[in-house]
Amino acid sequence: MQVDVLAAEDLKKTAPVFGQLSFDNHEQVVFCNDKDTGLKAIIGIHNTVLGPALGGTRMWNYNSEWDALNDALRLSRGMTFKSAITGLNLGGGKAVIIGDAKTQKTPELMRKFGEFVHSLSGKYITAEDVGMDTEDMDIVREVTPYVTGISESKGGAGNPSPITAYGVFMGMKAAAKYKFGSDDLDGKKVLVQGIGHVGEALVEHLTNEGAIVYISDINPTRLEEVSAKYGVTIYTEDPYDAEVDIYAPCALGATINNETIHRIKAKVVAGAANNQLQNENTHGLLLQERGIVYAPDFLINAGGIINVYAELEGYGKQEIIRKTENIYNTTLEILKTAEAQSITTHHAALKIAQQRIDDRKRENLK
Ligand SMILES: NC(=O)c1ccc[n+]([C@@H]2O[C@H](COP(=O)([O-])OP(=O)(O)OC[C@H]3O[C@@H](n4cnc5c(N)ncnc54)[C@H](O)[C@@H]3O)[C@@H](O)[C@H]2O)c1
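Parameters at a glance
Residues numbered from 1 in each chain as written. Predicted model: local features only at pLDDT ≥ 70, side-chain atom pairs only at ≥ 80, totals over all residues. Heavy atoms only, no water. Near = heavy atom within 4 Å. Polar contact = N/O pair within 3.5 Å; in protein donor to acceptor, adjacent residues only side chain to side chain. Areas by Shrake-Rupley, 256 points an atom, 1.4 Å probe, with all protein chains shown as cover. Helix = DSSP H or I, 4+ residues; strand = E, 2+ residues; numbered from the N terminus. Expected span 1.5 Å × (residues − 1). Buried < 20%, exposed > 50% of the residue type's maximum accessible area, 1.4 Å probe, protein only. Contact = heavy atoms within 4.5 Å. Core = buried A, V, L, I, M, F, W, Y, C linked by side-chain atoms within 4.5 Å. Domains from an automatic or database assignment. Buried area = accessible area lost by both parts, 1.4 Å probe. Salt bridge = Lys/Arg side-chain N within 4 Å of Asp/Glu carboxyl O. Nonpolar A, V, L, I, M, F, W, Y, C, P; charged D, E, K, R; others polar.

**Let's talk about the site of the ligand**
The ligand sits among 23 residues. The nearest are R58, T164, H197, D217 and A251. Contact distances for the ligand include 2.6 Å between an oxygen atom and a side-chain N or O atom of H197. Note that an oxygen atom of the ligand is positioned 3.3 Å from one of the backbone N or O atoms of A272. The protein chains hide 85% of the 830 Å² of surface that the ligand would expose on its own.

**Looking at helix α11 (residues 317-341)**
For α11, with 25 residues, the first-to-last C-alpha span of 36 Å sits near the 36 Å given by 1.5 Å per residue. Taken together, the buried positions of α11 are I320, T324, I327, Y328, T330, T331, L332, I334, L335 and A338. Looking at the packing, one finds that the buried side of α11 touches α2 (65-86), α5 (161-180), β12 (293-294), α9 (297-300), α10 (303-313) and α12 (345-365). Immediately beyond the C-terminal end of α11, within one or two residues, lies S342, with a positive phi of roughly 50°.

**A short note on the nonpolar core**
The biggest cluster of nonpolar side chains holds 67 residues, and the ones touching the most others in it are M172, V192, L202, V203, L206 and I215. Among the elements that take part in this core, α5 stands out by supplying 10 residues, more than any other. Looking at which domains feed residues into this core, each of domain 1 (24-78 + 91-154) and domain 2 (161-354) supplies at least three. With 22 residues, the next largest nonpolar core counts L39, M110, V117 and I139 among its residues.

**Re the environment of V269**
Secondary-structure assignment places V269 in strand β11 (residues 268-269). Measuring from C-alpha to C-alpha, the distance between V269 and I246 comes to 5.8 Å, with 23 residues separating the pair along the chain. If we skip the residues at most four places from it in the chain, V269 touches Y247, P249, I256, Q276, I292, V293, Y294 and A295.

**Let's talk about the domain arrangement of the chain**
Domain annotation of the chain identifies domain 1 (24-78 + 91-154) and domain 2 (161-354). Taken over C-alpha atoms, the centre of domain 1 sits 24 Å from the centre of domain 2. Taken together, the 18 residues of domain 1 in the interface contact 14 residues of domain 2. Together, the buried faces of domain 1 and domain 2 total about 1,200 Å²; carbon and sulfur atoms form 53% of this surface. The interface formed by domain 1 and domain 2 holds one salt bridge in total. Between domain 1 and domain 2 we count six residue pairs in polar contact (both at pLDDT 80 or more) in total. Elements that contribute at least two residues to the side of domain 1 that touches domain 2 include exactly β4 (57-60) and α2. Here the side of domain 1 that touches domain 2 gets four residues from one element, more than from any other, and that element is α2. When the residues that make up the side of domain 1 that touches domain 2 are grouped by side-chain class, the tally is nine nonpolar, three polar and six charged.

Structure follows, in structure tokens:
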């Protein structure tokens with residue numbers, strides 16, 4: 001057993017970046033280091049065919065640099081397909097900062113990170129993600145224009161999370177329509193895993209519609225707060241065993257994996273987290289075989305990018321809402337396409353996104 005572990009570690013060292021499992025022809029990977037502020041960040045630029053690579057910055061206390069790199073690679077790739085399927089003229093990028101956002105995030109560190117973003121001359125445009133908020137982006141804005149998700153008072157479109165949650169809600173309703181014959185979530189049991197910026201806003205939509213909501217989080221204070229505010233039930237057991245109709249992953253990625261997939265009782269998976277399928281081929285297929293409808297994450301969590309894209313294109317709230325509501329139609333279309341073509345919903349969405357990128361690439365070559 002130990003030999004296997006060592007071999008895997010050695011393998012990582014011989015192909016540290018281009019040989020990573022998550023590497024998918026990324027155009028550029030930038031490692032950023034600053035001794036004075038303690039900044040250690042990785043910016044992944046996956047694809048810029050449709051436009052500049054836009055994607056948020058995540059600050060997380062990764063177990064290892066490998067985990068951070070793989071997150072940057074996976075998340076930036078996801079952004080490429082998210083923008084492509086949403087019809088935005090944006091490429092895919094994402095940044096990760098290694099560290100604890102609660103204790104290690106300082107204005108100096110954020111400014112230094114902004115300088116690294118600026119050094120890429122607009123090829124990568126940042127925004128907030130887990131561990132970041134609009135105030136952090138406002139600090140980044142002091143040193144670079146290549147940032148979105150800044151405060152409304154500073155001319156930005158504000159916190160994208162409520163719009164992301166609205167898009168997830170739309171995608172969830174479409175998946176419910178497909179699976180249960182009605183998109184009315186009144187009386188449906190929904191487990192929301194991760195009740196942060198997006199999860200809480202999703203809980204609000206769900207309770208307004210009359211869904212029976214269960215919440216799960218690693219932060220007990222958040223659980224108490226959200227439970228008291230919306231009158232929802234804290235789920236104390238392992239969330240994958242929950243007897244619910246809908247499972248909404250809104251924490252981190254890869255929660256649908258070999259450990260969990262056979263335990264999921266829900267008939268619909270629809271949530272905000274990026275990269276929910278640990279392996280998009282095998283786990284997508286397993287969900288399909290188990291009759292569980294999976295609303296592709298990068299499709300239904302696009303509300304946030306629609307919101308920040310408004311800052312670049314100059315469209316207003318009404319257009320943001322219209323574009324986000326359209327996630328309902330796109331989701332339903334993709335679910336039907338997947339069935340008609342006997343492919344997974346994830347692949348159906350990926351195919352359409354890839355087609356748009358390929359078409360643009362051909363146009364660009366003309
Ligand atoms: N914020 C956006 O607009 C946006 C847009 C698209 C996708 N997403 C994705 O949605 C997810 C949530 O984003 P957010 O902005 O709400 O982040 P957040 O940091 O505000 O919230 C994440 C929550 O998940 C909880 N959590 C972490 N690990 C957990 C675990 N193992 N089990 C249960 N709970 C856990 C945290 O305690 C926190 O409450 C992320 O995957 C993010 O990439 C967010």
